[in-house]
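Understanding the architecture of this molecule
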Amino acid sequence: MFCYQCEQTTRLPSGDGCASAKGLCGKDATTADLQDLLVHAVKGVAQQARRARALGVPDHEAGAFMLHALFTTLTNVNFNPTRFVTLLNEAAAVRDRVKARCEAAPNAATIAAPTGPAIEWTPAADLEGLLVQAAAVPVNAGLAEVGEDVVGLRALILYGMKGVAAYANHAAVLGYTRDTVFAGVEEAMDFLASDPTDVPTLLDRALSVGRLNLEVMELLDAANTGRFGTPCPTAVRVAPVAGKAILVSGHDLGDLEALLKQTAGKGINVYTHGEMLPAHSYPTLKAYPHLVGNYGGAWQDQQTDFANFPGPILMTSNCIIEPGPRYRQRIFTAGPVGWPGLRHLTDHQFGPLVAAALALPGFKADEPEQTITVGFGRDAVLGVAGAVIDAVKAGDIRHFFLIGGCDGAASGRNYYSDFATGAPDDTVVLTLGCAKYRFNRHEFGAIGGIPRLLDLGQCNDSYSAIRIAGALAEAFDCSVNDLPLSLVVSWFEQKAAAVLLTLLALGIRNIRLGPTLPAFITPNVLATLVDGFGIQPITNAQDDIAAALNRA
Ligand code: FSO
Ligand code: SF4
């Protein structure tokens, strides 16, 4: 196996990738190799789907398959090799079905059938054979011939596309798809299937992935708000109440809603965990009285949180880590998530989860009430834009810091809490993603009635941040880069790669990126990003705050 798609690789002595029998996330070599082969297979589906589109018979089912398949290969999503064998065979079947549609099109002869190893691949009959095939298509294939910059840029595009696929899949399962998004996925994966080697073209394509991701984030925003209403500021209880309990983690709001419906009136309280926290701010979801609160911290605390939770747990998306023995029997997976031996629930059929909740003790007593406030999406923030602008003009708000992204276990991540809590009292901190758990119980206070900490939601809500920055720039008649705003991004996995590419595609400069830089960003590519976009690795919170304020 060779995998360097997430930030954890930097914890290895070599710092350049997981290459032994098991990755630091717990992904074994078999699963990692099958994931590489699935990416290869998806490229073949994309090539065929692109031809179908050109022939006037676009295939959205193939598009939806690609989104789901790529999502399963993200960090901390699916560790079950059996599921990947199934997905590989499905990929071949989808591709061949699309091929048959192409051949049946009246104008089939006008566009030649694509060729190449991805579209011509046939799945081996057994696991051993699949692993032999996988060995030919690692993410760093061709390193000796094309060099690390080309391999790194291909990886940047692929990882960005994995993020795009995750966001688009979240929208798709809520019933929101868009033809142009499927076209963009086909194009990008087809591009990768051509084994591109030209560095300027690769850089251009990486920015196209960023533009595609902007469209996808906008679509996901429309899906979430269309289905569940506009988030509004909401105090969320973070202390348990007595009674039977289910904990829901991950990002899929549709799974949460289905579970709330299926537990209504059953005497079961539902709690959010990790990135599910912002669910409490959506009117449709918070209307369920048995959505009682949030429990625990960010994803990397799950082994402790889940072990201590007195009910079953549902994992709806990343980030799952190896379930400990104290809760292995009561954790369920859904959607793209998988772990060998865990019960996987499909099509929102949560009966076994509900039964497990009724059989388990739940919380014995209420704990003293404690709350945190969430729900400062774009509408809530822009609703007070007048007051915010006045406060900036009067000098009451000196600067905004957007501290967003994913969290992880690395020790350098204290930087983000040091940054947030060290930001001066006349600054406002906007946050999103799971990194906020490091500081969202801190008392930040308010400036003229505007809370100093504004939680915009999940990492999936990055679109809100972009809209807020755009609206402020408009109000002050300047570019986003000229606003008193600094972006401090914490990256962990591939959705962060997609968001970073979006920010770059929008021309946003001087982003501080940490806790370490991705291993697939080579020194030459980093130099290009520094020259072109002013990207800066983080240093220490105190110096970076001072530097940001001096720039302003
Ligand atoms: Fe966190 Fe995990 Fe939302 Fe990521 S839970 S780390 S970017 O997968 O998804 O912020
Ligand atoms: Fe290593 Fe991250 Fe890949 Fe897991 S996902 S194998 S930790 S690089």
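Just so you know, these numbers come straight off a predicted model, no measurement behind them.

Turning next to the overall build of the chain. A count of helical and extended segments in the chain gives 19 helices and 16 strands. Relative to its length of 552 residues, the chain is compact, with a C-alpha radius of gyration of 23 Å against a globular reference of 24 Å. Based on the C-alpha atoms only, the size of the chain along its principal axes is roughly 65 × 60 × 50 Å. Considering the chain as a whole, with its 552 residues, one finds that 60% of them fall into the buried category. Of all intrachain contacts in the chain linking residues separated by at least 6 positions in sequence, the fraction that spans at least 24 positions is 76%. A total accessible area of about 19900 Å² is found for the chain, and carbon and sulfur atoms account for 53% of it. Positive and negative side-chain charges in the chain, numbering 41 and 54 respectively, have mean positions lying 5 Å apart.

Summed over the entire model, instances satisfying the criterion amount to 22 salt bridges. In this structure, the salt-bridge partner of E103 is R51, at a minimum N-O distance of 3.2 Å. Here R51 lies in helix α1 (residues 29–54) and E103 lies in helix α3 (residues 81–104), a separation of 52 residues in the sequence. Salt bridges here are not isolated pairs; linked through shared partners, they connect D59, E61, R97 and R101.

This part takes up the site of ligand 1. In the region of ligand 1, the neighbouring residues are H251, E275, W299, N318, C319, C406, C434, C459, F492, E493 and K495. At 2.8 Å, a side-chain N or O of H251 approaches an oxygen atom of ligand 1. At a separation of 2.3 Å, an oxygen atom of ligand 1 approaches a polar side-chain atom of E493. In the shell around ligand 1, the residues fall into six nonpolar, two polar and three charged. Residue assignment places the shell around ligand 1 across two domains, with domain 2 (234–359) and domain 3 (378–551) each supplying three or more.

Attention shifts here to α3. Between the first and last C-alpha of α3 there are 35 Å, a value that for 24 residues agrees with the 34 Å anticipated at 1.5 Å per step. Three or more residues of α3 are buried, namely P81, R83, F84, L87, L88, A91, A92, V94, R95, V98 and C102. Close packing links the buried residues of α3 with α1, α2 (60–72), α4 (117–120), α5 (127–135) and β7 (343–345).

This part is about the packing of α1 against helix α7 (residues 179–193). Between α1 and α7, whose axes approach to 8 Å, the crossing angle comes to 120°. It follows that α1 is oblique to α7 by the angle criterion. Once α1 is placed against α7, the crossing between them reads as left-handed. Note on element contacts: α7 touches α1 through D179, F182, A183, E186, E187, M189, D190, L192 and A193, opposite V39, V42, K43, A46, Q47, A49, R50 and R53.

Next up on the list: the sheet that holds strand β6 (residues 331–334). Strand order in the open sheet made by the six strands is β4-β3-β2-β5-β6-β7, with parallel pairing throughout. Because the sheet does not close on itself, it has two edges, and the strands there are β4 (291–294) and β7. The sheet shows a mean angle of 30° between the axes of neighbouring strands, taken without regard to direction. Strand direction decides the pairing type here: strand β2 (residues 244–249) and strand β3 (residues 268–272), joined by five bridges, are parallel. Note that in β3 the partner of I246 across the bridge is V270.

According to the domain assignment, the chain consists of domain 1 (7–227), domain 2 (234–359) and domain 3 (378–551). Computed from C-alpha coordinates alone, the two centres of domain 1 and domain 3 are separated by 30 Å. The interface is formed by 38 residues belonging to domain 1 together with 36 residues belonging to domain 3. For the pair domain 1 and domain 3, the summed buried area comes to about 3000 Å², and 68% of that belongs to carbon and sulfur atoms. It is E7, Y167 and M217 that lose the most area in domain 1 upon contact with domain 3, and together they represent 23% of the buried surface on that side. Applying the counting criterion to the domain 1 and domain 3 interface returns two salt bridges. Across the pair D221 and R378 runs a salt bridge whose closest N-O atoms are separated by 2.3 Å. Within the residue set of the side of domain 1 that touches domain 3, elements represented by two or more residues are α6 (143–173) and α8 (199–228). Here the side of domain 1 that touches domain 3 is composed, by residue class, of 15 nonpolar, 14 polar and nine charged.

The next subject is the site of ligand 2. Near ligand 2 there are 13 residues, and of these C3, C6, T9, C18 and C25 occur at the shortest range. Taken together, the residues of the shell around ligand 2 break down into seven nonpolar, five polar and one charged.

Rules behind the numbers
- Residues numbered from 1 in each chain as written.
- Chains lettered and ligands numbered in written order.
- Predicted model: local features only at pLDDT ≥ 70, side-chain atom pairs only at ≥ 80, totals over all residues.
- Heavy atoms only, no water.
- Helix = DSSP H or I, 4+ residues; strand = E, 2+ residues; numbered from the N terminus.
- Rg over C-alpha atoms; globule rule 2.2 N^0.38 Å.
- Buried < 20%, exposed > 50% of the residue type's maximum accessible area, 1.4 Å probe, protein only.
- Contact = heavy atoms within 4.5 Å.
- Areas by Shrake-Rupley, 256 points an atom, 1.4 Å probe, with all protein chains shown as cover.
- Lys, Arg positive; Asp, Glu negative; His and termini not counted.
- Charge placed at Lys NZ, Arg CZ, Asp CG, Glu CD.
- Salt bridge = Lys/Arg side-chain N within 4 Å of Asp/Glu carboxyl O.
- Near = heavy atom within 4 Å.
- Polar contact = N/O pair within 3.5 Å; in protein donor to acceptor, adjacent residues only side chain to side chain.
- Nonpolar A, V, L, I, M, F, W, Y, C, P; charged D, E, K, R; others polar.
- Domains from an automatic or database assignment.
- Expected span 1.5 Å × (residues − 1).
- Axes fitted to C-alpha atoms, helices over the stretch in contact; angles between N-to-C directions.
- Parallel < 35°, antiparallel > 145°, perpendicular 65-115°, else oblique.
- Left-handed = near helix turned anticlockwise from the far one by under 90°.
- Pairing = 2+ DSSP bridges.
- Buried area = accessible area lost by both parts, 1.4 Å probe.

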